[in-house]
Amino acid sequence: MPAVFVAGDREVSSAEAAHGISRPLSARHHLPFLAFLLLLDGGMFSPSSPPTGLLEKVFQYIDLHQDEFVQTLKEWVAVESDSVQPVLRLRRELLRMMGLAAERLRLLGARVDSVDAGFQQLPDGQSLPIPPIILAELGDDPKKPTVCFYGHLDVQPARQEDGWVTDPYTLTEVDGKLYGRGTTDNKGPVLAWINAVSTFRALDEDLPVNVKFVIEGMEEAGSPALEELVQKEKAGFFSSVDYIVISDNLWISRRTPALTYGVRGNSYFMVEVKCRDQDFHSGTFGGILNEPMADLVALLGSLVDSSGRILIPGIYDHVAPVTEEEKRTYEAINLDLEEYRKSSQVKKFLFDTKEELLMHLWRYPSLSIHGIEGAFHEPGAKTVIPGRVIGKFSIRLVPHMNMSVVEKQVKQHLDYIFSKRNSSNQMTVSMTLGLHPWTANTRDNQYLAAKRAIKTVFGTEPDMIRDGSTIPIAKIFQDTIQKSVMMLPLGAVDDGEHSQNEKINRWNYIEGSKLFAAFFLEMAKLH
Ligand SMILES: Cn1cncc1C[C@H](NC(=O)CCN)C(=O)O
Ligand SMILES: [Zn+2]
Ligand SMILES: [Zn+2]
């Protein structure tokens, strides 16, 4: 999603100063009190009820060492760990990236396993190495909860010519914004978690929780190999995991932190219409053929109406009904619809209220038409009849839709529309991707701990949000390990993930590191 959600009414210009966005040497943490606490020996407190003093010490350490944390992010951003373009040079960069991360974790004192993930088979018959998946752990105290963090260090492609103001692989700070590919998605959040852990180590303080890491390098390419590893390590690495935290999405606001309790799934379809494998000249064949493109356009045109409603019979049958209680959760979200609309450069959305808009992004399915392979899409006026075309569309899935039912409904619908055309062409429909939606129980302990940590660090309640896009590993973790999964995003809505000029605010990165540290302490208290 482009970076355009804006919770406008909380945008106070003085907020930047109050939060110290460029150098947050915390106006909020009282320095005399801090000095006093620094005189205390952390060891005098029992680890089961960590003193508030420890937190202050941790926060001060993070503030004082923030330039080092930014420096490490700079070193990580400098690695062009693009997993999307399947070329050997970039795979080598990915291997180097995973190596840097493994080394960083070993320096922390973690036990690090770089698990070989085999090869990726490409459609052209070529194969490329998949970077190893890092499984790391720090601490195995049976009295403490074990929190496992999932993150990825691969990035989307980026070239300065595409409209970057700065070199995408040279982290550049402008007005408290750290620009660079991967700063917010997902190197910054991975490092924030590491910063939080390293702060306890540097202060010679006992870690409040046992920490595990799952860090991969192929998320942007659909995480091949990850599901298999999770299944394989279910009774191994994951057997001691109590909670899973993912920090791979964004707030819905520029200033208000969020907790995410759901993402949509996705089922991706290809519909091929074929007359023959070669194109035709429309002067010599036009008028005597069923044209594949005409069939395909009719098929694609039958999927969704102009109000956004999906026209596939039965598709809404299993969608969870909206409850009054649920409606109130959307009302509670602070979102300036008008500002969102303007910053998206859209004349009018399909829905006029914040609640309707959020529900259609988060809890109703949507159908998008992505493209047509084989179509003549270049500029100019070629008089071709494409011989074979493939339409691509996908349906974002929500609870409690059933993926295989959806697949049947789509195929049946397309069969029906196609049969009505009486075309002599061949139509083939396939579902090429099936990613399940995920929702969490927000009454889980870790949501409570995260809310308290957010209150401590940001002085506010989080927006409780869902996300319209898909993070397939969430549902896989939940089903395989059968433990609570939580999404705790750090980045702001305008960070521009996948886009030009991706950034993370220094404030989000540093306060985010504090947030993870505070979260560890809250988790320990709840356990
Ligand atoms: C690859 N793919 C195909 N269908 C869904 C996806 C995942 C993709 N995921 C994201 O963008 C993560 C956002 N934080 C998406 O939702 O489109
Ligand atoms: Zn990501
Ligand atoms: Zn991404």
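Residues numbered from 1 in each chain as written. Chains lettered and ligands numbered in written order. Predicted model: local features only at pLDDT ≥ 70, side-chain atom pairs only at ≥ 80, totals over all residues. Heavy atoms only, no water.

### Notes on the overall build of the protein chain
To keep things clear, this is the line we draw: Secondary structure is summarised from DSSP: a helix means a run of H or I of at least four residues, a strand means a run of E of at least two, and numbering begins at the N terminus for each. Atoms considered for the radius of gyration are the C-alpha atoms alone. The globule rule reads 2.2 Å times the number of residues to the power 0.38. Accessibility here uses a 1.4 Å probe with only protein chains present; expressed as a share of the type maximum, an area under 20% marks a residue as buried, one over 50% as exposed, and anything in between as partly exposed.
Along the protein chain, the regular secondary structure elements total 16 helices and 20 strands. At 25 Å, the protein chain has a C-alpha radius of gyration in line with the 24 Å of a compact globule built from 527 residues. Projected onto its principal axes, the C-alpha positions of the protein chain cover 90 × 50 × 45 Å. Sorting the 527 residues of the protein chain into buried and exposed places 54% on the buried side.

### Observations concerning the packing of aromatic side chains
Going by this rule: Only Phe, Tyr and Trp rings are paired, with Trp represented by its six-membered ring, and only when their centres lie within 6.5 Å; those with planes under 30 degrees apart are stacked, over 60 edge-to-face, the remainder tilted.
Scanning the model with the defined rule gives 15 aromatic pairs in all. Measuring from centroid to centroid gives 5.7 Å for W251 and F458, while their planes differ by 85°, and the two rings are edge-to-face. With a gap of 207 residues between them, W251 in the loop between β9 (243-246) and β10 (258-263) and F458 in helix α14 (residues 445-458) connect regions that are remote in the sequence. Of the two residues, W251 and F458, neither departs from the other in class, the shared state being buried. Here the aromatic rings of F269 and F393 are separated by 5.3 Å at their centres, their planes lie at 15°, and the arrangement is stacked. Here the residue F269 occupies a position in strand β11 (residues 265-274), and F393 occupies one in strand β15 (residues 388-397), the gap between them amounting to 124 residues. Pair check on accessibility: F269 and F393 agree, each one buried.

### Topic: the pattern of salt bridges
Two side chains of opposite charge can pair, provided their charged atoms sit close to one another. Put simply, the test is: We define a salt bridge as a side-chain nitrogen of Lys or Arg found within 4 Å of a carboxyl oxygen belonging to Asp or Glu.
Counting across every chain of the model gives 30 salt bridges. Put simply, R341 and E338 hold a salt bridge, and the shortest N to O gap is 2.5 Å. Of this pair, R341 and E338 both sit in helix α11 (residues 337-343), separated by 3 residues, roughly a single helical turn. Look at R341 and you get buried, because its relative accessible area is 19%. Relative accessible area serves as the criterion here: at 39%, E338 is assigned to the partly exposed category. The closest approach of N and O atoms between E373 and K392, which form a salt bridge, is 2.5 Å. With a gap of 19 residues between them, E373 in strand β13 (residues 366-373) and K392 in strand β15 connect regions that are remote in the sequence. Several salt bridges share partner residues, and in doing so they unite R254, D494, D495 and K503 into one network.

### With respect to the UniProt feature "domain: Peptidase M20 dimerisation" (unreviewed entry) in the protein chain
What counts, and what does not: UniProt positions are given in the numbering used here, feature names are shortened, and annotations may be inferred rather than shown by experiment.
The UniProt entry lists residues 270-417 under the feature "domain: Peptidase M20 dimerisation" (unreviewed entry), expressed in the numbering used here. Each end of residues 270-417 is marked by a C-alpha atom, and these two atoms are 16 Å apart; helix forms 36% of the span and strand 18%.

### What to know about the nonpolar core
Which entries qualify depends on this criterion: Nonpolar cores were defined as sets of buried Ala, Val, Leu, Ile, Met, Phe, Trp, Tyr and Cys residues, with membership established by side-chain atoms within 4.5 Å. Where each domain begins and ends is defined by an automated method or by a domain database. Throughout, a contact is declared for two residues whenever any of their heavy atoms are within 4.5 Å.
Counting 138 residues, the largest nonpolar core has L105, W193, I395, F477, Y509 and F519 as its most contacted members. The biggest single contributor to this core is helix α16 (residues 506-526), with 11 residues. A domain split of this core shows at least three residues from each of domain 1 (54-264 + 437-525) and domain 2 (265-319 + 364-435). Setting aside residues no more than four positions away along its own chain, L105 makes contact with A110, V112, I134, A136, I194, F213 and I215.

### Observations regarding the sheet that holds strand β7 (residues 177-179)
What counts here: Strand pairing is defined by DSSP finding a minimum of two bridges between the two strands. Axes here refer to lines fitted to C-alpha atoms; in helices the fit is confined to the stretch in contact. Angles between the N-to-C directions go from 0 to 180 degrees.
The 3 strands are arranged β6-β7-β20 in an open sheet whose pairing can be described as antiparallel. Two strands close off the open sheet at either side, each with one partner strand: β6 (172-174) and β20 (503-505). Sheet twist, expressed as the mean angle between neighbouring strand axes with direction ignored, is 25°. As defined by bridge partners, β6 adjoins β7 across 3 bridges and the pair is classed as antiparallel. Directly across from T172, in β7, lies its bridge partner Y179. Contacts between α16 and the sheet are confined to β6, β7 and β20, with β20 contributing the most and set at about 60° to the helix.

### Describing the coordination of the zinc ion (ligand 3)
Here is the rule: In this listing, donors mean N, O and S atoms no farther than 2.8 Å from the metal, or 3.2 Å for Na, K and Ca; water is missing from the atoms, so a site can look incomplete. By the criteria applied here, four donors are tetrahedral when all angles lie between 85 and 135 degrees, four are square planar and six octahedral when opposite donors are over 155 degrees apart and every other angle lies between 65 and 115, and any other arrangement is irregular.
Around the zinc ion (ligand 3), the protein supplies D185 (OD), E220 (OE), E220 (OE) and H498 (NE2) as donor atoms, at distances of 2.0 to 2.7 Å. Note that the zinc ion (ligand 3) binds 4 donor atoms; their angles at the metal cover 54 to 144°, and the shape is irregular. As a motif over one chain, the donors of the zinc ion (ligand 3) read D-x34-E-x277-H. On the basis of relative accessibility, which here comes to 4%, the residue D185 falls in the buried class.

### Let's talk about the site of ligand 1
Short version of the rule: Near is defined per residue: the residue qualifies when any heavy atom it owns lies within 4 Å of the molecule or strand. Throughout this description, a polar contact denotes any pair of N or O atoms lying within 3.5 Å of each other; where both atoms belong to protein, one of them has to be capable of donating a hydrogen while the other can accept it, and for residues adjacent in sequence the pair is counted only when both atoms sit in side chains. With residues, only the protein chains shown are counted as cover, and all accessible areas are computed by Shrake-Rupley using a 1.4 Å probe. Residue polarity follows a fixed list, in which Ala, Val, Leu, Ile, Met, Phe, Trp, Tyr, Cys and Pro are nonpolar, Asp, Glu, Lys and Arg are charged, and the others, Gly among them, are polar.
In the neighbourhood of ligand 1, the contacting residues comprise D248, N266, R396, L433, L435, S469, T470, E497 and H498. Note that a nitrogen atom of ligand 1 is positioned 3.2 Å from one of the backbone N or O atoms of D248. A distance of 2.8 Å separates an oxygen atom of ligand 1 from a polar side-chain atom of R396. When isolated, ligand 1 has an accessible area of 420 Å², and the protein chains bury 74% of it. Looking at side-chain class alone, the shell around ligand 1 contains 2 nonpolar, 4 polar and 3 charged residues. Domain assignment of the residues forming the shell around ligand 1 places at least three in each of domain 1 (54-264 + 437-525) and domain 2 (265-319 + 364-435).

### Comments concerning the domain arrangement of the protein chain
Here is the rule we go by: For any pair of parts, buried area is found by adding up, for both, the accessible area (1.4 Å probe) each one loses once the two are put together.
If you check the domain split of the protein chain, you get domain 1 (54-264 + 437-525) and domain 2 (265-319 + 364-435). One C-alpha centre belongs to domain 1, the other to domain 2; they are set 37 Å apart. Each partner contributes residues to the interface: domain 1 has 9 residues there, and domain 2 has 10 residues. For the domain 1 and domain 2 pair, buried surface summed over both sides reaches about 670 Å², with 63% attributable to carbon and sulfur atoms. In terms of surface lost to domain 2, no three residues of domain 1 exceed R264, P437 and T470, which account for 73% of the buried area on that side.

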